[in-house]
Amino acid sequence: MNPRVATLLGIFAPLSLLTIGGGQTIIADIQRQVVDVHHWMSAGTFVTLFAIARMAPGPGSLLATLIGWRVAGFWGALAATIGIFTPTCVLIYALARIWSRHRGARWQRALEGGLRPLAAGMILATTWVLVGGLEGGWLARAIAIAATALLLATKISPLPLLAIGSAAFVLLHAL
Amino acid sequence: MAPPHRPTSPTPARLFLIFAQIGLTSFGGGLSAWMLRAFVRERAWLSEEEFLNGLGIAQALPGVNVTNMGIWIGYRLCGTAGALASVTAVVIPPAILMVLIAIAFAWLERFPITRPALDGAAAAAIGLSAWMGITAARRVPRRVIPLAIMAASFAAVAWLHIPLLWVVLAGGSASVALEYIRLGNER
């Protein structure tokens, strides 16, 4: 087996535990390891892979899968995927078990009640940051606002919503 | 606690299908909004409050929110088998698709319609994030401390660009400690 496979596992497994608040926090360090330390790809290739990971469906941390695939084929993709997801999955699984055993305890209600306002603020901030990075000017912003209104008012599923947004942008853009 | 009306009940197989569908169709990120839609709005398997409690924990812990939420929801609804089914579904099918997309990408980029079509979908996807934020904010208790924590965490991330690690560690521990004290005074 390619020796890079073990190295990939060794890079991504520790990074897994540093992904607080989503995968964005570790991108810079992945880039440092893959481009500067191991010279597996150029910075330009890294940015392209990052863009593809952002565009594709699924968790953004699948960037690890893409890097693994690029560096060492199928086994590389598998090792990187296992590395980036397993440690944190084990952690939250253990917590979920403890949680159901102590339902209603004061520390548990404090954690739930205390973390919810924080989560709300962070989601709103994410929205803010996403709007800032939005391409397509006022038309794109109008679509984002219309989509929000539609979601608040109806039970529309996300996929048709994105299809409508996409079609609306293409049509209005052409006018 | 159970919602009064349950058209279907959760099983590991159903969880697998729902999470695979979310994982494969959630263009534009913000997968937790898709989950809120699927489990609370469409199926009523969880109450909005239960979902948001889980989300707060999934965000504060290390790990990808989506896989954390998958395990949390899966375990809550169907135990260990549910957690395993959910996390597999949310990771493996999109991982395969991601590699296929990377292969197809160079070919698709030639068409001039690809860019605006993706921009439009990305704009609508921001609507998901906004809706999710509004839903979560509506559920924050109308008291000074939770509202201040919400505003402070928004400002810290959106305007001050403080690393999330510090926002979660400092903001999270302060908020949880204050809530713990408040719950003690309630009695």
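Residues numbered from 1 in each chain as written. Chains lettered and ligands numbered in written order. Predicted model: local features only at pLDDT ≥ 70, side-chain atom pairs only at ≥ 80, totals over all residues. Heavy atoms only, no water.

Its domain assignment divides chain B into domain 1 (1–139) and domain 2 (142–187). One C-alpha centre belongs to domain 1 of chain B, the other to domain 2 of chain B; they are set 25 Å apart. (Domains from an automatic or database assignment.)

Among the surface-exposed residues, Trp128(A), Val129(A), Trp159(B), Leu160(B), Ile162(B), Leu165(B), Trp166(B) and Leu169(B) lie close enough to one another that they form a single nonpolar patch of about 830 Å² accessible area. Put simply, the parts of the chain that give the nonpolar patch at least two residues each are α5 (106–132) of chain A together with α7 (164–186) of chain B. Here the element with the most residues in the nonpolar patch is α7(B); it accounts for three residues. Here Ile162(B) shows up in the loop between α6 (144–158) and α7. Since its relative accessible area comes to 34%, Ile162(B) is described here as partly exposed. (Patch = residues over 30% accessible without salt bridge, like charges linked within 9 Å, V, L, I, M, F, W, Y side chains within 5 Å. Areas by Shrake-Rupley, 256 points an atom, 1.4 Å probe, with all protein chains shown as cover. Salt bridge = Lys/Arg side-chain N within 4 Å of Asp/Glu carboxyl O. Helix = DSSP H or I, 4+ residues; strand = E, 2+ residues; numbered from the N terminus. Buried < 20%, exposed > 50% of the residue type's maximum accessible area, 1.4 Å probe, protein only.)

Quick look at α6(B) now. The end-to-end C-alpha distance of α6(B) is 21 Å, a good match for the 21 Å that 15 residues give at a rise of 1.5 Å each. Residues of α6(B) that are buried include every one of Pro146(B), Ile149(B), Met150(B), Ser153(B), Phe154(B), Ala155(B), Ala156(B), Val157(B) and Ala158(B), and no others. In this structure, the buried residues of α6(B) make contact with α5 of chain A together with α5 (114–138) and α7 of chain B. (Expected span 1.5 Å × (residues − 1). Contact = heavy atoms within 4.5 Å.)

Two elements in contact, helix α7 (residues 158–174) of chain A and α5(B), have axes separated by 7 Å at closest approach and are oriented at 135 degrees. Taken together, the axes of α7(A) and α5(B) lie oblique to each other. Remark: the crossing between α7(A) and α5(B) carries right-handed chirality. On α5(B), the residues that touch Pro158(A), Leu161(A), Leu162(A), Gly165(A), Ser166(A), Phe169(A), Val170(A) and His173(A) of α7(A) are Pro116(B), Ala117(B), Asp119(B), Gly120(B), Ala121(B), Ala124(B), Ala125(B) and Leu128(B). Within the contact of α7(A) with α5(B), the residues separate by chemical class into eleven nonpolar, four polar and one charged. (Axes fitted to C-alpha atoms, helices over the stretch in contact; angles between N-to-C directions. Parallel < 35°, antiparallel > 145°, perpendicular 65-115°, else oblique. Left-handed = near helix turned anticlockwise from the far one by under 90°. Nonpolar A, V, L, I, M, F, W, Y, C, P; charged D, E, K, R; others polar.)

Core analysis: the largest hydrophobic core is formed by 110 residues, its most contacted members being Phe12(A), Ile67(A), Met35(B), Phe39(B), Phe51(B) and Ile73(B). Once residues within four sequence positions are removed from consideration, Phe12(A) is found in contact with Ile30(A), Ala64(A), Ile67(A), Ala80(A), Gly83(A) and Ile84(A). (Core = buried A, V, L, I, M, F, W, Y, C linked by side-chain atoms within 4.5 Å.)

A word on the interface of chain A and chain B. Accessible area lost on assembly of the parts is the figure often given for the size of an interface. Taken residue by residue, the interface counts 79 residues in chain A and 95 residues in chain B. The contact between chain A and chain B buries some 8,000 Å² in all, and 76% of this surface belongs to carbon and sulfur atoms. Considering only the surface of chain A that becomes buried against chain B, Pro57(A), Arg106(A) and Arg116(A) emerge as the three largest contributors, covering 10% of it. Summed over the shared surface of chain A and chain B, the result is two salt bridges. Two residues, Glu186(B) and Arg109(A), come together in a salt bridge whose shortest N-O distance is 3.9 Å. Inspection of the region where chain A meets chain B yields 14 residue pairs in polar contact (both at pLDDT 80 or more). (Buried area = accessible area lost by both parts, 1.4 Å probe. Polar contact = N/O pair within 3.5 Å; in protein donor to acceptor, adjacent residues only side chain to side chain.)

With the rule as written, the count across this model stands at ten aromatic pairs over all chains. Relative to Trp159(B), the ring of Trp128(A) has its centre 5.8 Å away and its plane inclined at 85 degrees; by these criteria the two rings are edge-to-face. One end of the pair, Trp128(A), is in helix α5; the other, Trp159(B), is in the loop between α6 and α7, on a second chain. By relative accessible area, which is 45% here, Trp128(A) ends up partly exposed. The rings of Trp99(A), Trp107(A) and Trp72(B) are connected pair by pair, giving a single aromatic cluster. Above the face of the Tyr180(B) ring, Arg106(A) is positioned so that its terminal group lies 3.8 Å from the ring centre. In this structure, Arg37(B) is placed above the aromatic ring of Trp131(B), and the distance from its NZ or CZ to the ring centre is 4.5 Å. (Phe/Tyr/Trp six-rings, centres within 6.5 Å; stacked < 30°, edge-to-face > 60°. Lys NZ or Arg CZ within 6 Å of the ring centre and 35° of its normal.)

What follows concerns unusual backbone geometry. Among all residues save glycine, negative phi is the norm, and among peptide bonds the norm is trans. Even without being a glycine, His39(A) presents a positive backbone phi close to 50 degrees. Counting through the fold element by element, His39(A) comes out in the loop between α2 (27–37) and α3 (43–55). Of note in the backbone geometry, His161(B) takes a positive phi value of approximately 55 degrees without being a glycine. Along the chain, the position of His161(B) falls in the loop between α6 and α7.

The next point concerns the environment of Leu152(A). Residue and element names in this part refer to chain A. The residue Leu152 is located in helix α6 (residues 137–153) in this model. On the basis of relative accessible area, Leu152 is assigned to the partly exposed category, the value being 32%. For Leu152 and Leu162, which are ten residues apart along the polypeptide, the C-alpha to C-alpha distance reads 15 Å.

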